[in-house]
Amino acid sequence: MTSIQDASVGDEDLDFGYFRFASKAEMLEKSKSYWNPDKTQFWSDSGIPLVVDRREEYFLYDITGKRLIDVHLNGGTYNLGHRNPEVVAAIKAAMTHFDIGNHHFPALARTALAEQLVATATPGMSKVIYGSGGGEAIDIALKTARNATKRSGIVSIVKAYHGHTGLALQTGDDRFSRIFLSERSDDFIQVPFNDIAAMEQALASGGVAAVIMETIPATYGFPLPEPGYLEAVKSLCDRHGTLYIADEVQTGLMRTGELWGITKHGIDPDIIVTGKGLSGGMYPISAVIVNERSSGWLGQDGFAHMSTFGGAEVGCIAAMVTLDICSRPSTRLAVHHAADVIGHGLRRIQASYPDWLTGIRQNGLVIGLEFNHPEGAKYVMKHLYANGVWAIFSTLDPRVLQYKPGLLVSPALVEELLDRTALAIGRSRDEAARSKGVRS
Amino acid sequence: MNLIDDRAKEISRANSMLEVASWASYRYATYNHSAVTRIVEAAAKRGEALARELAEAAVEETGFGVVEHKVIKNLGCSRELLDRYTGFDFATPVVDPHSKTVSIPKPAGVVLGITPSTNPVATVYAKALMALMARCSIIISPHPFAKKVCARAAHELNAAAVEAGAPDGVIQVVEEPSIPLIEHLMKSDKVDLIVATGGSEVVRSAYSSSNPAYGVGPGNVPVVVDASANLKDAARRIVDSKSFDNSILCTNESVLIVERRVAEKLKAELARAGAHLCSETESEALRDLLFPRGQFDTRFVGKDARSIAKAASIRVPPSVRILAAEFGAVFPEEPLCHEKLCPVLGLVVADDFDDAIAKAKAVLRVTGAGHSAALHSSDGDNIATFGAALPVLRVSLNVGNSLGSSGFETNLPPTMTIGTGFLGRSSLGENLRPDHLVHYTTIALNRDPAEVLPDRSHLDRNDMPNGPVPAYPLEGVARPSGMDMRPSVAVPRPGASDPGEVALRAQIRQLVLEELAEMMKG
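Residues numbered from 1 in each chain as written. Chains lettered and ligands numbered in written order. Predicted model: local features only at pLDDT ≥ 70, side-chain atom pairs only at ≥ 80, totals over all residues. Heavy atoms only, no water.

Draft legend 1. Representation of the overall build of chain A. Check the secondary structure of chain A and you find 14 helices and 17 strands. Based on the C-alpha atoms only, the size of chain A along its principal axes is roughly 60 × 60 × 45 Å. Looking at the 440 residues of chain A, the share that counts as buried comes to 59%. Of the contacts formed within chain A by residues at least 6 apart in sequence, a portion of 70% connects residues at least 24 apart. Summed over its atoms, the accessible surface of chain A is roughly 17200 Å², and 54% of this surface lies on carbon and sulfur atoms. With 42 positive and 49 negative side-chain charges, chain A shows a spacing of 3 Å between the two charge centroids. (Helix = DSSP H or I, 4+ residues; strand = E, 2+ residues; numbered from the N terminus. Buried < 20%, exposed > 50% of the residue type's maximum accessible area, 1.4 Å probe, protein only. Contact = heavy atoms within 4.5 Å. Areas by Shrake-Rupley, 256 points an atom, 1.4 Å probe, with all protein chains shown as cover. Lys, Arg positive; Asp, Glu negative; His and termini not counted. Charge placed at Lys NZ, Arg CZ, Asp CG, Glu CD.)

Draft legend 2. How the structure looks around the environment of L50(B). Residues and elements named next belong to chain B. Tracing the backbone shows L50 in the loop between helix 2 (33–49) and helix 3 (51–62). Spatially, the C-alpha atoms of L50 and S188 are 33 Å apart, while their sequence positions differ by 138 residues. When residues no more than four places from it in sequence are discounted, the contact partners of L50 are Y125, R152 and E156.

Draft legend 3. Seen up close, the domain arrangement of chain A. Each assigned domain of chain A is listed with its residue range as follows: domain 1 (1–8 + 38–70) and domain 2 (86–327). Computed from C-alpha atoms alone, the centre-to-centre distance between domain 1 of chain A and domain 2 of chain A is 31 Å. (Domains from an automatic or database assignment.)

Draft legend 4. Local environment of the pattern of salt bridges. All names here are of chain B. Overall, the coordinates contain 50 salt bridges over all chains when judged by the stated rule. As a salt-bridge pair, R7 and E183 come within 3.8 Å of each other at their nearest N and O atoms. Of this pair, R7 sits in helix 1 (residues 6–28) while E183 sits in helix 7 (residues 179–187), placing them 176 residues apart in sequence. Overall, R7 belongs to the partly exposed group, its relative accessible area being 43%. (Salt bridge = Lys/Arg side-chain N within 4 Å of Asp/Glu carboxyl O.)

Draft legend 5. Structural view of the pairing of strand 3 (residues 52–56) of chain A. Taken together, the 3 bridges between strand 3 of chain A and strand 4 (residues 59–62) of chain A define a ladder with antiparallel strand orientation. Residue E56(A) lies in a different strand from strand 4 of chain A, and its bridge partner there is F59(A). (Pairing = 2+ DSSP bridges.)

Draft legend 6. The packing of aromatic side chains, seen in detail. Residues and elements named next belong to chain A. Here the structure, examined in full by the defined rule, presents 15 aromatic pairs over all chains. With 5.1 Å between their ring centres and 25° between their planes, F16 and F19 make a pair best called stacked. A relative accessible area of 11% means that F16 is categorised as buried. Judged by its relative accessible area of 43%, F19 falls in the partly exposed class. The lysine or arginine in question, K66, covers the ring of Y385, its NZ or CZ lying 5.1 Å from the ring centre. The ring of F393 carries the charged tip of K378 above its face, separated from the ring centre by 4.8 Å. (Phe/Tyr/Trp six-rings, centres within 6.5 Å; stacked < 30°, edge-to-face > 60°. Lys NZ or Arg CZ within 6 Å of the ring centre and 35° of its normal.)

Draft legend 7. Region of interest: the side chain of S254(B). With respect to the helices and strands, the residue S254(B) is situated in strand 9 (residues 253–259). Of note is the side chain of S254(B), whose polar atom sits 3.3 Å from the backbone oxygen of H338(B). (Polar contact = N/O pair within 3.5 Å; in protein donor to acceptor, adjacent residues only side chain to side chain.)

Draft legend 8. Here's a closer look at the sheet that holds strand 1 (residues 94–96) of chain B. Residues and elements named next belong to chain B. Spatially, 3 strands are ordered 1-2-15 in an open sheet, and the strand pairing comes out antiparallel. Edge positions in the open sheet fall to strand 1 and strand 15 (438–444), since each of these has one partner strand only. Adjacent strand axes in the sheet meet at a mean angle of 25°, parallel and antiparallel pairs treated alike. Sheet topology places strand 1 next to strand 2 (residues 101–107); 3 bridges connect them, and they run antiparallel. Considered in strand 2, the bridge of V95 is made with V102. (Axes fitted to C-alpha atoms, helices over the stretch in contact; angles between N-to-C directions.)

Draft legend 9. Just helix 4 (residues 67–85) of chain B, in detail. Residues and elements named next belong to chain B. In a regular helix each residue adds 1.5 Å, so 19 residues correspond to 27 Å; helix 4 covers 26 Å between its end C-alpha atoms and thus fits that length. The largest bend in helix 4 is about 35°, located at G76. For helix 4, the full list of buried residues reads H69, K70, V71, K73, N74, L75, G76, C77, S78, L81, L82 and Y85. Packing partners of the buried residues in helix 4 comprise helix 2, helix 3, helix 5 (120–134) and helix 9 (231–243). Among the residues trailing helix 4, G87 stands out with phi positive, at a value near 95°. (Expected span 1.5 Å × (residues − 1). Bend = angle between axes of the 7 residues up to and from the residue.)

Draft legend 10. Quick look at unusual backbone geometry. We note that E57(A) has phi near 50°; this positive angle belongs to a residue other than glycine. Examined against the element boundaries, E57(A) turns out to sit in the loop between strand 3 and strand 4.

Draft legend 11. Spatial organisation of the environment of A450(B). With respect to the helices and strands, A450(B) occurs in the loop between strand 15 and helix 16 (499–521). A450(B) sits 369 residues away from L81(B) along the chain, and the two C-alpha atoms are 44 Å apart.

Draft legend 12. Structural context of the sheet that holds strand 12 (residues 344–350) of chain B. All names here are of chain B. Within the open sheet, the 7 strands sit side by side as 10-11-12-9-8-13-14. Their pairing is parallel. With partners counted over all chains shown, the strands left at the sheet margins are strand 10 (275–277) and strand 14 (392–397), one partner each. Strand-to-strand twist in this sheet, taken as the mean axis angle between neighbours without regard to direction, amounts to 25°. Where strand 10 and strand 11 (residues 322–326) come together, 3 bridges link them in parallel fashion. Across the sheet, the residue bridging to A275 is I322, located in strand 11. The sheet contacts of helix 10 (residues 260–273) involve strand 8 (221–225), strand 9, strand 10, strand 11 and strand 12, and relative to strand 9 the element is tilted by about 135°.

See below:
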């Protein structure tokens, strides 16, 4: 029997002790039978037959042994690399004493993490509410805003994506709600991104509890806010008594070169939502950080929202370590260096293929690459995969590739990544041109 | 209950430093000579300004050594190091028309500098400045006895370098040294070179780390005075050198060997110069005091001669600077022929010059091979014979070895890291210099006269292609929000924007083109 650590990377005999498959083919068949047939088939059809086996640092290994540099990082979940040794050590240590904990009682690790989150958040933050995933946290944030304002309206942007749970789903594109007959109710208003007039109109009614905004909308392909847009939205919120919810699930935790992307705009939001990378990709946890104005229900009826797994204590310890690593001056410095070198490298690549790589959207290590084809990023994704890089297209704008290198990448890995990216972009351009996608 | 895994914590501290060092080195390795010069000057001047303050702090923290002498070393490793390497260029490619080669310097990268407690500040200065000259980043790992003063020295030099345009973190220091942290640094594949100065243990672990390393072995310096020597000068120099910094350096003389013909005269001169010549009983008392059970008692490291005399109940006048203890045979079982990190000098009388050489070799068999020896002589044959016979890589001639072998009173390269070479189990046989932190890519052209190097093939691209420190990423931000919008540190940007530098680069390019033109004619 092979141990999990040194599992065979061969195509046969995938024996992990706790389970085994005879081959990759058998595993994929079972994945279709028992898990998700469409998704499983989609990746095979897309030229990405990836079944992640070993994972370490910024590398993923398919069970065939193929190595991939991960610049998808599940939206920042693996900001610090896969199985970051410091986070792993913390979780191992935590498990000698803690488990998920009892969500009804005051809890040691939950309290400690809450204090740390408040201390490192934007000024004015006061309390923390926990979830186990981003969607749950968004629902908590929206319910909190409704309680605080006694209003029910929620404004989000067109092509927003904040998750798949009940209220989060309502803020988003109907790509994910129609199929479940859960389309937007009248309380949920959408306005185009970067359109201040539309935002003003939406808030003028006076019934809006909160504007929820990703600092850079990820699933929409990281279109950057125009200078002054977020600041103007915040002042509109202030004028209309509406709360500003910063969804920092993807832009938080030092990805932009600051712990929270919103601080670069000088905005102190009423609510910050964080998830994904919060516990180093090792233990699911999410958190909603609220200011005093929003935190009313926590004093009024603390049992109003409950979550058995929300703020699981092992996850809290993982999050404390993660927050500590993300906040280090050395990490911030490394992000600035890496962002700068990668930015220069991408512009060099763009200079070679100006008709194909038509846009680079970058704030720190939050990067969207825009291609000259409605589904351009899917071509690029495939060629990146073939050349040892895993990056994913933006679901709500497949022209754009999400390109999210880790916070702790080394100079050598950055150079390798750029080499592979240049090759893949060139080849994807050729393929797209063959299928007459590129206008010349 | 503390759940923290200390080892993991230390490793992560080390990793944070390595991340910064890697990026700093990545940037700094492409700085041009004029930018490097500016940075080195700024750091050296900061070191010079703090020479006395940090000398005092070092004596205060470690409890040994002499402030005045540490000031001399600190100035030597700042101002003098700068002067000695002014005009040296470890950054610009060199075209040699005669050998038909182009040599392009490649910095080592991330250097791990391990520094001792005995020369704390001077060694930090020397290693940090050499790293800056060579366009490397450096992580200083100080001896725990001197960690505070070393941290202060490293931070100051880094700040000065950064203000002059270096990437932040070009000089870092381990503030709280721990075994797991240092082990991790030593073994890390992000470290490109270890330069270890210190005890044998640390040097051996540097060599077994699997990383490239310069480790230098211990010294145990024999000094020979032959019959041709100027005895008065020799005595003065030996007493000065032996008492320097209370003899805690690897370069201080350990055993004085004198030809019988001049022994009594030399002893008289030594006494006049400030040595106390111990009687047999006094020597025995010193042995018992300094080497209880055969091991040197570390309580006496770097203490002055009078306090040691007092502890051994030896009556000495207040002017005494060293104690000289005579013994007969140079064998390892004689404690006084071992390294004594205090101003106690072993004294041996040799029958003649050949016997003196034999005894000096015997001292070096105890320990200190490859390091240094001193000779006071005016006899050319003796000088040559001595140099050929002794298993050392430098001989200080008619000069105290303390500042002679480290290049401050001779023309050897000034350093705090004395290579002991193969003789002393080291890969470094010279005094550490900045160019030991650089390798060169050599483009070598076909010797066939028909082959000429094309124009511009040396490339003038060695001009900060990676840029200095990245600007603060401000995408989508309307206005400064009151937060610190600088990059992690504020820096002037040296480079093409500096008109003086543009002109200088044009001039250099012209010179190189002319050289190339010459070469093609040849």
